[in-house]
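These are the residues of each chain, in order.
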Amino acid sequence: MMPRPSLLLPILVSSALSSHAAVFDFSETGSTSGNNSQGASGNVNVSDASVPSTTATIDGVALSLTALSTSGAAEIGANGQGFGVSTDNESGANETRLEGDKGESIQFSFGQDVLLDSLRFGNFSNGETAVLSFVSGVNPFTSGSSLSITGDGNQGPAYDILLSSDPIVTGGISIIQANTVLELTISGGGNDVLLNEFSVSPTLQASIVTTPPTPVLTENPNPATNVGITIVAAGNQKGQSFSLGAPATIGSFVFESGGVATPGDFKIALHQAMDGIPWLLDPIVSGIASLPSGLVAGDRFQITLPTAVELKRGSYIITLEGLGSTSFPLRFSEDPLYPTGAGARNNSALGWRPLNNPDADLLFAVIGTQEASPPVPTGKPNIVFILADDLGWTDIQCGPTGPNVINGTNHGTSFYQTPNLARLATEGLSFTHTFVHPNCAPTRAALLSGQYPSRSGNGVYHVDSLNRGGSGTTYLGPSQNEDIPVAHVISPEALQEAGYVTAHLGKYHVANHETGLASMPENQGFDFNFGGKENGNPGNFFASSGVWNTAIGPGLASYAAPYDQSYIDTVLKAPPSNPLNDRASNYPLIFPQEKPNDPDVLGNDNKHLTDAMGDAATAFIRDHTTGNLADRPLYMQVHFYAVHTPIQDRPDLTTKYATGITPSATHDNVDYAGLVEGMDQNIGRILDRLDDPNGDGDPSDSIADNTLIVFISDNGGHIGPTDNDPLRHRKGSFWNGGLRVPMILRQPGTVPAASQTDTLVHAVDIYPTLLEHAGVSMPAGITFDGESFAAHMTDPVGTPRKRSPIFYHFPGYLDQRARPVDVAIARIDGEDYKLIYNYDLTYTGNPSSTEDQQEGLDPLGDPWQLFKFSSDISETTDLIDGSYSNHLLYGDIADQMASQMDDWLTQPDPDWEAHKLTLRSTGAEVDYPGPDVADVVVPFGQTFHITASSVDLSAKTVTLTWNSEAGFSYDIEVSDGLGSWSPLATDVPSGGASTTAADLADPGISLPGRRFYRVVLTP
């Protein structure tokens, strides 16, 4: 089978191009509500029309609209979602809707020949029928003088009704000639709709060529032997993919005819391709042309674009479909003569797939010019960065070397099964002390920017707002970013500039808010964006009849088809030697309750989003490694939506956990378990694809050894679906249940296998680590907060790493989970400490919120808290609680960390923006906490010192009395000359305010010379 083409860099369409679909969007310009599911894309302002007719021109296509009614004078009635007809004396919603029972209708025409591709309605209910009918000009309908569209309940506000193929459409339509008038009416069901969008394609020129046109960019010429015929017709699309190794300007396409069965019009479209089929379903270029008259078998015909289109390097597919009764054969070669493309077909419910002979290619040529290819970077590893969403530190099980195993105690789940992550840990390095931000967006911003939120290249402190504590809080949080500033160079931009091919898959979240589309992945260093948008959760993990919820970006649309038996057999139960649904059996000691799930029960169920992301990831790897730019390294960023709410898993995985697997004391949610394993299975698919990129079963093309994999979560687990015990609290909290996450790295032969490291890591460290490992310089002129661990990860024993303290500045509130705080995490003398400064001591939660009442916030008496989580993993004991003894033990540590925190908060760098709280009552700014924790002072008589002592030389014993404090213990040590001390007694319990250790045996007391004793307060 021929190699598949490579999808490599983004598309740039020239601004002068007029041959792509013209979309007339009647939603309010700049609105993101209602039917405007594509974001702020409204381009026809009808919201203030109040006139019977209006005109608009989009991409050179002119549209005229007129409102009509048999019930009185009519005007265009519009709201932010679309428009209808407003008849005399109407009010409220009726003003903005097209109502059939009032005889309301819309007439429209175009200023040039076009094909009406699709319509989009709002409020289009089950049983409601929209009718397009001919009024004047040239009748475009293929049967009679109208077509009808009947809603079946599935046409939501984001649903494009394709007039050429949607099963709810009865009748057909061909080219609408210039100035032909059509009318839209409505009946049945709710009997009222909003018109949200028209999409039309202009006409192109097609002509017979006797001399091959030039210059030819790429072609598959007639080989004279092994030539076949394939038919193009309505509902029987054919296509040919091709690959460009450098930017190109394309003016036309040439195909070879096998004859003409039925002459007429056909549609041509150019798409970006993935695995030889259309990837983004919206075309770059589309149009309608008429077959040239006199076309016979063997003729070449050229389809010329009115304006040349500029494309970046990558893979594309040109598709053709007959309109109405038009049907014509194209010639193709049976032999694999064209190595960087493939013929394709779309003529069944299976959608786009290769021709019957997967080695076949249409006889075609692409006409245009191409730039020289850029130099190829050498010696750089591939990078696959995998981010789970809301996965807690204890939510995975990876065996004895996993990231949640501390001093031999395995804190990983015994209920959820994650065998592919177990494989990753067995083959890689687990990080046991990794910290992120307490919820989604700030962690993603930190990962991509390499900066804390208080740095100007980040600014994302929290999801949505810093004021999520209700209206009665003492303080107000400042405004913040929701997007990473466009001017900041994020890590994929730096890697792309160094020659990497970059792809983002899944949840993005830190774009398209205040900065608009400029901050979207495809505009910020990612060559490809599979499904990333501004949304923080998917809305629904399941597609509906092959269409995703509007929270999911268009790059995953081609992976939304329902399950079928072929997919179940070749993906969910494959390969036979190591079935995806039974991999826990590879690790019986790690998963003693292992059992397979049964994907056969899925039948033709709707596709799960996590599987679609696995589809996209494996297709991207395959395309890249088999294409003409395979010598360039790839950076693939896989940001799963799992395991964020809604907790929706595949039915077969639910069944697995509901029958025969015993829950644990902390983990018992079968749906959450299935969602976790579904993500794990798709991580397994990625590992499999790295082992065998072209999927032929032969691992000789493996890129695993040259690929660094990073797996991490964006914050702690969400209590309810899961439990973070023994870590305290949950997602959204500044306790370690919100901040501490698992992280595993793997690169065979480079990163040691089955190993652990306890080095402190924060999300901001990922940026410099990836760039150093890739041999890419950090962008100049930018202050980064991250500290690379690239050298440490390749030799954690031989290259120990001491990280600076980790800091958090959170000037805001989050329901029951967080009050305004500053936090420092540091390792001092081998122990791990967390210092917290609480600004609002009385805040215990948003009274209107139901979030996490059982682990809410307690009122405090003092703003400072210190925890030693290396020995107090659940952060239960405050070490600066006002106790004099604790002050003696930990006061210096608290002061040291407070001083470091103050230096961090008040640093003079011009890009530092640690925004302050303001007092709600006055608006006055609230100062930072300062560099010192208040001392605990007691009268001298109560200070820690020996108050009495006695020696019995004959008995060789000593008795000591000292000031003490209940709850503490003490060691007694002895020395001959104050140079070194030896233990005399250990763990002497406190006797209250005063403690006496009587008759302590000291054989050395009788030796000549002085004898010294001391009492040591122990932690």
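On a predicted model such as this, the values are computed, not experimentally measured, just so you know. (Residues numbered from 1 in each chain as written. Predicted model: local features only at pLDDT ≥ 70, side-chain atom pairs only at ≥ 80, totals over all residues. Heavy atoms only, no water.)

What about the packing of aromatic side chains?
Now for step 1: Summed over the entire model, instances satisfying the criterion amount to 39 aromatic pairs.
Now for step 2: Aromatic side chains Phe-301 and Phe-328 sit 6.3 Å apart centroid to centroid with 85° between the ring planes, which places their arrangement in the edge-to-face category. Of this pair, Phe-301 sits in strand 23 (residues 300-311) while Phe-328 sits in strand 25 (residues 327-333); the two residues are 27 residues apart in sequence, bridging distant segments of the chain. Of the two residues examined, Phe-301 and Phe-328, each falls in the buried class.
Now for step 3: Ring geometry for Tyr-338 versus Phe-364: centroids 5.2 Å apart, planes at 90°, classification edge-to-face. (Phe/Tyr/Trp six-rings, centres within 6.5 Å; stacked < 30°, edge-to-face > 60°. Helix = DSSP H or I, 4+ residues; strand = E, 2+ residues; numbered from the N terminus. Buried < 20%, exposed > 50% of the residue type's maximum accessible area, 1.4 Å probe, protein only.)

Observations regarding the pairing of strand 33 (residues 429-435)
Now for step 1: Where burial is concerned, most of strand 33 is hidden: 7 out of the 7 residues are buried.
Now for step 2: Of the pairings in the sheet, the one linking strand 33 to strand 40 (residues 740-746) comprises 5 bridges and is antiparallel in character. Bridged to Thr-434 within strand 40 is Val-741.
Now for step 3: Two elements, strand 33 and strand 42 (residues 761-762), share 2 bridges in a ladder whose sense is parallel. Within the sheet, the bridge partner assigned to Thr-434 lies in strand 42 and is Val-761. (Pairing = 2+ DSSP bridges.)

With respect to the packing of helix 1 (residues 419-426) against helix 7 (residues 670-691)
Now for step 1: Axis separation between helix 1 and helix 7 bottoms out at 7 Å; the angle between their running directions is 50°. The pairing of helix 1 with helix 7 is recorded here as oblique in orientation. Facing Pro-419, Asn-420, Leu-421, Arg-423 and Leu-424 of helix 1, the residues of helix 7 in contact are Asp-680, Gln-681, Ile-683, Gly-684, Leu-687, Asp-688 and Asp-691.
Now for step 2: Grouping the amino acids of the contact of helix 1 with helix 7 by side-chain chemistry returns 5 nonpolar, 3 polar and 4 charged. (Axes fitted to C-alpha atoms, helices over the stretch in contact; angles between N-to-C directions. Parallel < 35°, antiparallel > 145°, perpendicular 65-115°, else oblique. Contact = heavy atoms within 4.5 Å. Nonpolar A, V, L, I, M, F, W, Y, C, P; charged D, E, K, R; others polar.)

Focus: the layout of surface pockets
Now for step 1: Roughly 400 Å³ of internal volume is contained in the second largest pocket.
Now for step 2: Around the second largest pocket, the lining comprises 26 residues; the ones closest to its centre are Arg-728, His-729, Trp-735, Gly-856 and Leu-857.
Now for step 3: Those elements giving two or more residues to the lining of the second largest pocket turn out to be strand 46 (831-838) and strand 47 (864-868).
Now for step 4: Here the residues of the lining of the second largest pocket are counted per class, giving 11 nonpolar, 7 polar and 8 charged. (1 Å grid on protein atoms, 1.4 Å probe; cavity = no way out; pocket = protein on both sides within 12 Å on 5 of 7 lines; lining within 4 Å. Points joined across faces, edges and corners; volume = space filled by probe spheres on them.)

Describing the sheet that holds strand 25
Now for step 1: Strand order in this open sheet of 3 strands is 17-25-28, and the pairing throughout is antiparallel. At either margin of the open sheet sits one strand with a lone partner, and together these are strand 17 (227-233) and strand 28 (361-362).
Now for step 2: The pairing of strand 17 with strand 25 spans 7 bridges and is antiparallel. Of the residues in strand 25, the one forming a bridge with Val-227 is Ser-333.

Some points on the sheet that holds strand 49 (residues 946-952)
Within a sheet, neighbouring strands are paired by backbone hydrogen bonds and run either parallel or antiparallel to one another.
Now for step 1: Strand order in the open sheet made by the 3 strands is 49-50-53, with antiparallel pairing throughout. Sheet topology places strand 49 and strand 53 (994-1001) at the edges, where each strand pairs with a single neighbour. If you compare each strand with its neighbour and ignore which way they point, the axes differ by 10° on average.
Now for step 2: Across 6 bridges, the pairing between strand 50 (residues 957-963) and strand 53 is antiparallel. Across the sheet, residue Leu-960 finds its bridge partner in strand 53, namely Ala-997.

Concerning the environment of Ala-269
Now for step 1: Within the secondary structure layout, Ala-269 lies in strand 20 (residues 265-274).
Now for step 2: A residue is classified by how much of its surface remains accessible, and Ala-269, at 7% relative accessible area, is buried.
Now for step 3: Each C-alpha atom of the pair Ala-269 and Pro-283 lies 6.0 Å from the other, and the pair is 14 residues apart in sequence.
Now for step 4: Residue contacts for Ala-269: discarding those within four places in its chain leaves Pro-283, Val-285, Ser-286, Ile-317, Ile-318 and Thr-319.

Looking at the confidence of the model for the chain
Now for step 1: Taken over all residues, the pLDDT of the chain has a mean of 91, while the share at 70 or more is 95%.
Now for step 2: Across residues 1-19, where pLDDT falls below 50, the model places 94 contacts with residues more than four positions away in sequence or in other chains. (pLDDT = per-residue confidence, 0-100.)

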